Amino acid sequence: MAEQEKTQKKDHSGAKYVIRAIAAKAYQDAYDAKARGEKVGWCASNFPQEIPETLGLHVVYPENQAAAIAARGAGGTMCEHCEGLGFSNDLCAYSRISMAYADLTKCPNGEQDMPMPDFVLCCDNICDCMFKWYENLSQKLNIPLIMIDIPYNDKFEVDEKRTEYIRAQFIDAIKQLEDITGKKWDDDRFKKVMAISQRTARAWLKAASYCNYVPSPLNGFDLFNHMAVAVCARGKEESAEAFEQLCAEYEQSVKDHKSTWKVPEEHRILFEGIACWPYLRATSTPLKEAGANVTATVYANAFGVLYNNTNELMQAYANVPNCVNLERAVKNREDACLDGKVDGALIHINRSCKLWSSIAPEMGRRIENDLHIPVVMFDGDQADPRNFSEAQYDTRVQGFVEVMNNNKKKGE
């Protein structure tokens, strides 16, 4: 019995449990701050987290919450509630779940609750829907909206004109938050937060890069489960330590020839797009049965925001996946495919994320032509379960695997 308890304790000290605890603590810390009378916020996932972290503000992330709600089976209920308020079912499912929560102030099962906000932080480098979503939250809850407008980049690199525009947005957002919260900006604290954020981002990207080993020491879907901390807590030392621990575990797995991928790795694939959170098992099981491991994804890596100085920080937030032009978007995917040594690409045409999905067919065509690998697309949704068909997905995956099998036999 003692040995069993020791093993259990050891298991729960693993990186995945530490990461899960950090995500849970972020919610609890926000609740505790609210109870102390501090102002807390809701924050868009690609809003520069260095700003609230430097000011010592507690923020929580509606996109993380919506994904968790959807993964636990309540996404449809929340979407329907939002539609009952008069919102279209064509809107992003994350936004519908978030606006439903703002109306209900609780989740159907109570497991993903988070404190109501005193302000909202929005950044439109993901899509323009973000602005209208957070504007609606601001109006409904009668709270301030702090907005950073990052223009779409039609060039391969972010030019100085755009950087200057973004810098002005940063300065304005900081001033507004100082006025709202009574907190004061500290440049020394900002430098420390940037250093920690870079340590966290490098460790996260390194952990994701272990997919490049053949065979991979991890099931690629693991990254979708670990990435919440990369979104909400990059500026905290415990996050950097947790991802470094994850890297150490993957490194040991490589040495021991072990993997969280429990079947022979027959194929290696790119999974393009946001995960179908209501159907993680349904999307992962057919791949596992076919031995097709995800060894490349741009979605998980997107939250490893790297920079060397303040100027590069601002440029980095203009280089997130939905803010770059087609040429850079294709290069990012092709680089991921080459690094991950993939045999094919599976692309999620996500009804919720229309900006991302609108360029997916052309990206897929270029990837197929440039890398000479099969590319298959399936229809789905990141959070609304009504927009996914298991039968269609299974059929697409079966055909996809048949092509990869044939290519393998021909030595391609």
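This one's a predicted model, so the numbers in the text were calculated from it and none came from an experiment.

Here we come to the overall build of the chain. Of the regular secondary structure elements, the chain holds 19 helices and eight strands. In summary, the chain has a C-alpha radius of gyration of 21 Å against a globular reference of 22 Å for 412 residues, a match within 12%. Reported as C-alpha extents along the three principal axes, the dimensions of the chain are approximately 65 × 55 × 45 Å. Relative to its full complement of 412 residues, the chain shows a buried share of 53%. Within the chain, counting contacts between residues at least 6 apart in sequence, those at least 24 apart form 79% of the total. Split by element, the accessible area of the chain, about 18000 Å² in all, is 50% carbon and sulfur. Across the chain, 48 positive and 59 negative side-chain charges occur, with their mean positions spaced 3 Å apart.

Core analysis: the biggest nonpolar cluster contains 116 residues, and Tyr-94, Trp-277, Leu-287, Tyr-299 and Leu-346 have the highest contact counts within it. Broken down by element, the residue count for this core peaks at seven residues, all from helix H6 (residues 93-104). The contact partners of Tyr-94, leaving out residues within four places of it in the chain, are Glu-63, Ala-66, Ala-67, Trp-133, Ile-274, Trp-277, Tyr-299, Gln-382 and Ala-383.

Where helix H2 (residues 15-35) contacts helix H12 (residues 237-256), the axes come no closer than 9 Å and their chain directions differ by 160°. Taken together, the axis directions place H2 and H12 in an arrangement best described as roughly antiparallel. For the pair H2 and H12, the crossing hand works out as left-handed. Of H12, the residues touching H2 (which contributes Ala-15, Val-18, Ile-19 and Ile-22) are Glu-238, Ser-239, Ala-242, Phe-243, Gln-245, Leu-246 and Glu-249. Looking at the contact of H2 with H12 residue by residue, the class counts come to seven nonpolar, two polar and two charged.

Throughout the structure, instances matching the rule amount to 17 aromatic pairs. Ring geometry for Phe-221 versus Phe-271: centroids 5.6 Å apart, planes at 65°, classification edge-to-face. Here the residue Phe-221 occupies a position in the loop between helix H9 (187-209) and helix H10 (222-226), and Phe-271 occupies one in strand S5 (residues 267-272), the gap between them amounting to 50 residues. Judged by its relative accessible area of 0%, Phe-271 falls in the buried class. Ring centres of Tyr-299 and Trp-356 lie 6.1 Å apart, and the angle between their planes is 70°; on these two criteria the pair is classed as edge-to-face. Of the two residues, Tyr-299 is situated in helix H14 (residues 298-301) and Trp-356 in helix H17 (residues 354-358); the sequence distance between them amounts to 57 residues. For the pair Tyr-299 and Trp-356, one class covers both residues: buried. Among the aromatic residues, those joined into a cluster by ring pairs are Phe-221, Phe-224, Phe-271, Trp-277, Tyr-279, Tyr-299, Trp-356, Phe-378, Phe-388 and Tyr-393. Its guanidinium or amino end placed over the ring of Phe-156, Arg-328 lies 5.1 Å from that ring's centre, counting from NZ or CZ.

As summarised here, the arrangement of the four strands in space is S2-S1-S3-S4, forming an open sheet in which the pairing is parallel. Two strands in the sheet have a free side with no partner beyond their single neighbour: strand S2 (58-60) and strand S4 (145-148). Strand-to-strand twist of the sheet, defined as the mean angle between neighbouring strand axes without regard to direction, takes the value 25°. As paired elements, strand S3 (residues 119-123) and S4 share four bridges and run parallel to each other. Looking at the pairing, Cys-122 lines up with Met-147 of S4.

Turning our eyes to something else, we now look at helix H5 (residues 75-84). Since the α-helix packs 3.6 residues into each turn, any two residues three or four apart lie on the same face. Residues Gly-75, Gly-76, Met-78, Cys-79 and Cys-82 constitute the buried set of H5. Projected down its long axis, H5 carries its buried residues within an arc of 165°, all on one side. Buried residues along H5 sit against helix H4 (62-71) and H6. Directly after H5, the chain includes Gly-86, whose backbone phi takes a positive value near 110°.

Quick look at the side chain of Asn-322 now. Among the structural elements, Asn-322 can be located in the loop between helix H15 (310-316) and helix H16 (326-340). Overall, the relative accessible area of 10% leaves Asn-322 in the buried class. In terms of polar contacts, Asn-322 uses its side chain to reach the backbone carbonyl oxygen of Ile-126, at 3.1 Å. Among residues more than four places away in sequence, those in contact with Asn-322 are Asn-125, Ile-126, Tyr-152, Cys-353, Leu-355 and Trp-356.

Rules used throughout
Residues numbered from 1 in each chain as written. Predicted model: local features only at pLDDT ≥ 70, side-chain atom pairs only at ≥ 80, totals over all residues. Heavy atoms only, no water. Helix = DSSP H or I, 4+ residues; strand = E, 2+ residues; numbered from the N terminus. Rg over C-alpha atoms; globule rule 2.2 N^0.38 Å. Buried < 20%, exposed > 50% of the residue type's maximum accessible area, 1.4 Å probe, protein only. Contact = heavy atoms within 4.5 Å. Areas by Shrake-Rupley, 256 points an atom, 1.4 Å probe, with all protein chains shown as cover. Lys, Arg positive; Asp, Glu negative; His and termini not counted. Charge placed at Lys NZ, Arg CZ, Asp CG, Glu CD. Core = buried A, V, L, I, M, F, W, Y, C linked by side-chain atoms within 4.5 Å. Axes fitted to C-alpha atoms, helices over the stretch in contact; angles between N-to-C directions. Parallel < 35°, antiparallel > 145°, perpendicular 65-115°, else oblique. Left-handed = near helix turned anticlockwise from the far one by under 90°. Nonpolar A, V, L, I, M, F, W, Y, C, P; charged D, E, K, R; others polar. Phe/Tyr/Trp six-rings, centres within 6.5 Å; stacked < 30°, edge-to-face > 60°. Lys NZ or Arg CZ within 6 Å of the ring centre and 35° of its normal. Pairing = 2+ DSSP bridges. Arc of directions from axis to C-beta. Polar contact = N/O pair within 3.5 Å; in protein donor to acceptor, adjacent residues only side chain to side chain.

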